[in-house]
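Survey of secondary and tertiary structure
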Amino acid sequence: MNKLQELYQKRATFLEFGSEVPAALAAQIAEAEKEMLQMELLPIIEDSALKTLPPYGIDSKVLIAMEYDNRSLTRIAIASDVAKINDFDVVKDMSAEEEPTEEYVPESDDEEGKPEQRRSTSIGFSVHFSDGKVISEKSAHRTMIEALRYMGLERASHFNETFKGYPLVGTKQRITDNGYKWQRYVDGWWIYTNLSNDRKIKCIKGVGKMLNIPLEIILEDENNTIAIDKPAKQKGKRAMYSLNGGVAFCKNRSVLNTVRQFLAQMSSATFKDVCDFFPRELQGSYGVVRSLDEIERRKRQNRTEEDRWFIEPEEILTAADGVRFAISKEWGDNFALFQKHVTEQLGWTLEEVQ
């Protein structure tokens, strides 16, 4: 229950007993409603307007308004008398807003990024996809946003790295006392953009790797253009599999996604529970899961041990008893057995998508 809902509930108690709503409570509700509209509705309107209006603009002055009454949207309107906007209670002055200076957010858990800690103008970059799509915007944060949009924001929301507890792409806004804008609201998602360029690039690469989307990132400045991340050429089209009609992944990553969803729904599952539910024979010789401690022990005898498992930070899973473990990368004919197991034991579907 959010703050506004709690205030509504308090008001309902007074109304239920026929009592007058205290003036202080009514003022709190009005302020919370204004804050909600400013934080949630205005960014949607802003994003929609920027995407809808033509890049060359229009000549007419435009004022857009909506009427919301008795919990219903009753009217929307367009007018040319823009002076009436001065009568509005909540106004965001876009003409005074400059492209935000990008700031460094320390990666350590014990140090908070301060908006006043400015860093010098950073070198921009562009993202080149294997299908020929090139994304290169005026600012690094816009380039990152558009690259994530191209790969799919819902799919990118599965990226497991967080920033002060907030995901790269998520549904929750970060609000701090200083009022700083840590994220950008795009297509119904909050994208964490207050990152150094190095971390932006790392995130784009991480999402691309997670989704098996080959891409190349080019670092650019006035004097040179340097390729900093060039993946191997894509070897044909991979089969992709969707769990319950959701985001599609290749075979091994669909297994990772399935176990991740299993943990999300069975939050009390220990590592032993996971091992019992996904027995070794589903994968074959190595098993579906293996603890990081066991992988560390085995790699002393086998240099290729780590290559068999998803062990990037955003790929590692944690059971309810705190055991951190990884999922096997090696899936061939046994994948069909895994599909059957998931359907029979959980009632889930893990099907190939075109």
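Residues numbered from 1 in each chain as written. Predicted model: local features only at pLDDT ≥ 70, side-chain atom pairs only at ≥ 80, totals over all residues. Heavy atoms only, no water.

Moving on, we come to the overall build of the protein. Summing up its helical and strand segments, the protein has nine helices and 17 strands in all. Considering the protein as a whole, with its 354 residues, one finds that 36% of them fall into the buried category. When contacts within the protein are restricted to residue pairs at least 6 apart in sequence, long-range pairs at least 24 apart make up 56% of them. (Helix = DSSP H or I, 4+ residues; strand = E, 2+ residues; numbered from the N terminus. Buried < 20%, exposed > 50% of the residue type's maximum accessible area, 1.4 Å probe, protein only. Contact = heavy atoms within 4.5 Å.)

This next bit is on unusual backbone geometry. At Arg 71, a residue that is not glycine, the phi angle is positive and equals roughly 60 degrees. Here Arg 71 lies in the loop between strand E1 (63-69) and strand E2 (72-79). Phi at Lys 164 is positive, roughly 55 degrees, even though this residue is not glycine. Checked against the element boundaries, Lys 164 lands in the loop between strand E5 (162-163) and strand E6 (166-167). On the accessibility criterion, Lys 164 (28% relative accessible area) is partly exposed.

Moving on: the sheet that holds strand E7 (residues 169-170). With antiparallel pairing, the three strands of this open sheet are ordered in space as E7-E9-E8. At either margin of the open sheet sits one strand with a lone partner, and together these are E7 and strand E8 (183-186). (Pairing = 2+ DSSP bridges.)

With that out of the way, let us pick up the nonpolar core. Counting residues in each nonpolar core, the largest one holds 34 residues, and the members touching the most others are Leu 148, Met 151, Leu 168, Val 169, Ile 191, Ile 204 and Val 207. Elements with a minimum of two residues in this core: strand E3 (124-129), helix H3 (140-151), helix H4 (153-156), strand E9 (189-192), helix H5 (197-210) and strand E10 (215-220). The leading source of residues in this core is H3, at six residues. If near-sequence neighbours (up to four positions away) are discounted, Met 151 is found in contact with Phe 129, Ile 204, Val 207, Gly 208, Leu 211, Ile 213 and Leu 215. If you look at the next biggest cluster of nonpolar residues, it comprises 27 residues, including Phe 310, Leu 317, Trp 331 and Phe 338. (Core = buried A, V, L, I, M, F, W, Y, C linked by side-chain atoms within 4.5 Å.)

A few words on the pairing of E1. Within a regular strand, the side chains alternate between the two sheet faces. Where E1 and E2 come together, seven bridges link them in antiparallel fashion. Residue pairing in the sheet places Met 66 in a bridge with Ile 76 of E2. Counted along the chain from E1 to the antiparallel partner E2, the turn is two residues long, and its residue Asn 70 has a positive phi close to 55 degrees.

As a further point, take the packing of H3 against H5. Between H3 and H5, the shortest axis-to-axis distance is 10 Å and the interhelical angle comes to 5 degrees. Comparing their axes, H5 and H3 come out roughly parallel. In this structure, H3 contributes Ala 140, His 141, Met 144, Ala 147, Leu 148 and Met 151 to the contact, and H5 contributes Asn 197, Lys 200, Ile 204, Val 207 and Gly 208. In the contact of H3 with H5, the residues fall into seven nonpolar, three polar and one charged. (Axes fitted to C-alpha atoms, helices over the stretch in contact; angles between N-to-C directions. Parallel < 35°, antiparallel > 145°, perpendicular 65-115°, else oblique. Nonpolar A, V, L, I, M, F, W, Y, C, P; charged D, E, K, R; others polar.)

Along the chain, His 341 falls in helix H9 (residues 335-346). Since its relative accessible area comes to 15%, His 341 is described here as buried. When near neighbours in sequence (up to four residues on either side) are disregarded, His 341 contacts Phe 277, Phe 278, Pro 279, Leu 282 and Leu 346.

To continue, consider the environment of Ser 126. Structurally, Ser 126 is set in strand E3. Owing to a relative accessible area of 1%, Ser 126 belongs among the buried residues under this scheme. Considering only alpha carbons, one finds Ser 126 and Met 144, 18 residues apart in sequence, at a separation of 8.8 Å. Within the structure, Ser 126 has its side chain in polar contact with the side chain of His 128 (distance 2.9 Å). (Polar contact = N/O pair within 3.5 Å; in protein donor to acceptor, adjacent residues only side chain to side chain.)

Moving on: the sheet that holds strand E12 (residues 240-243). The sheet built from three strands is open, its strands ordered E13-E12-E17 with antiparallel pairing. Across the chains shown, the open sheet's two edge strands, defined by having one partner strand only, are strand E13 (248-249) and strand E17 (350-353). Note: E12 against E13, two bridges, orientation antiparallel. Along E13, the bridge assignment pairs Ser 242 with Ala 248. Sheet strands in contact with H9 are E12 and E17, and its direction is about 125 degrees off that of E17.

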